[in-house]
Amino acid sequence: MLYQKTKAKEDYLLELIASFYERFEPLPIKRSNLSQASSLRTRYKIPYWDSLLLAGALELDASIFYSEDMQDGLPIEGKLTIVNPFR
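What you see is a predicted model, and the numbers here were worked out from it, not measured in a lab. (Residues numbered from 1 in each chain as written. Predicted model: local features only at pLDDT ≥ 70, side-chain atom pairs only at ≥ 80, totals over all residues. Heavy atoms only, no water.)

1. Structural notes on the side chain of Asn84
The residue Asn84 is located in the segment after strand S3 (80–83) in this model. From its side chain, Asn84 meets the backbone nitrogen of Phe86 in a polar contact 2.8 Å long. (Helix = DSSP H or I, 4+ residues; strand = E, 2+ residues; numbered from the N terminus. Polar contact = N/O pair within 3.5 Å; in protein donor to acceptor, adjacent residues only side chain to side chain.)

Below is the structure:
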């Protein structure tokens, strides 16, 4: 049996994906993103997917990264601060 986090029907999910691509232009994942994510993962002891998101945020020069799952107030590379929006 496959694990599911959502009970949403597949048709709805496909519509949601299409809607997302109509409104936003996702950035491709480059080798440099993966290398930086690896470095962040090691340096900050964070999970893979979190490090990949943070590497993307750093590439876009974001200064705040909202997450309820990461350490609130943690500065990343002196450029980006994690903020828990529910604190």
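2. A short note on helix H3 (residues 48–59)
Over its 12 residues, H3 runs 17 Å from end to end, which matches the ideal 16 Å to within 8%, given 1.5 Å per residue. Residues of H3 that are buried include every one of Asp50, Ser51, Leu52, Leu54, Ala55, Ala57 and Leu58, and no others. Residues of H3 that are buried in the fold lie against helix H2 (31–44), strand S1 (64–66), strand S2 (75–76) and S3. Trailing H3 by a residue or two, Asp61 shows a phi angle of about 60°, which is positive. (Expected span 1.5 Å × (residues − 1). Buried < 20%, exposed > 50% of the residue type's maximum accessible area, 1.4 Å probe, protein only. Contact = heavy atoms within 4.5 Å.)

3. So, the packing of aromatic side chains
The tally for this structure, following the rule as stated, stands at 3 aromatic pairs. Seen in terms of ring centroids, Phe20 and Tyr21 are 5.7 Å apart; in terms of plane orientation they differ by 80°. Their pairing is edge-to-face. Accessibility expressed as a relative area gives 41% for Phe20, which makes it partly exposed. Aromatic side chains Phe20 and Phe24 sit 5.1 Å apart centroid to centroid with 40° between the ring planes, which places their arrangement in the tilted category. A residue is classified by how much of its surface remains accessible, and Phe24, at 41% relative accessible area, is partly exposed. (Phe/Tyr/Trp six-rings, centres within 6.5 Å; stacked < 30°, edge-to-face > 60°.)

4. A closer look at a nonpolar patch on the surface
There is a patch of nonpolar side chains on the surface, built from Leu14, Ile17, Phe20, Tyr21 and Phe24 and spanning about 530 Å² of accessible area. Here Ile17 is to be found in helix H1 (residues 10–23). (Patch = residues over 30% accessible without salt bridge, like charges linked within 9 Å, V, L, I, M, F, W, Y side chains within 5 Å. Areas by Shrake-Rupley, 256 points an atom, 1.4 Å probe, with all protein chains shown as cover. Salt bridge = Lys/Arg side-chain N within 4 Å of Asp/Glu carboxyl O.)

5. Thoughts on the nonpolar core
Counting residues in each nonpolar core, the largest one holds 15 residues, and the members touching the most others are Leu40, Tyr44, Leu54, Phe65, Ile76, Leu80 and Ile82. Those elements that provide at least two residues to this core are H2, H3 and S3. Not counting residues within four places of it along the chain, the set of residues in contact with Ile82 comprises Leu54, Phe65, Ser67, Met70, Gln71, Asp72, Gly73, Leu74 and Ile76. (Core = buried A, V, L, I, M, F, W, Y, C linked by side-chain atoms within 4.5 Å.)

6. Quick notes on the pattern of salt bridges
Under the counting rule described, the total for this entry stands at 3 salt bridges. Residues Asp72 and Arg87 are paired through a salt bridge, measuring 3.4 Å at the closest nitrogen-oxygen approach. Of this pair, Asp72 sits in the loop between S1 and S2 while Arg87 is found in the segment after S3, placing the two residues 15 residues apart along the sequence. Looking at Arg87, the relative accessible area reads 69%, which means it is exposed.

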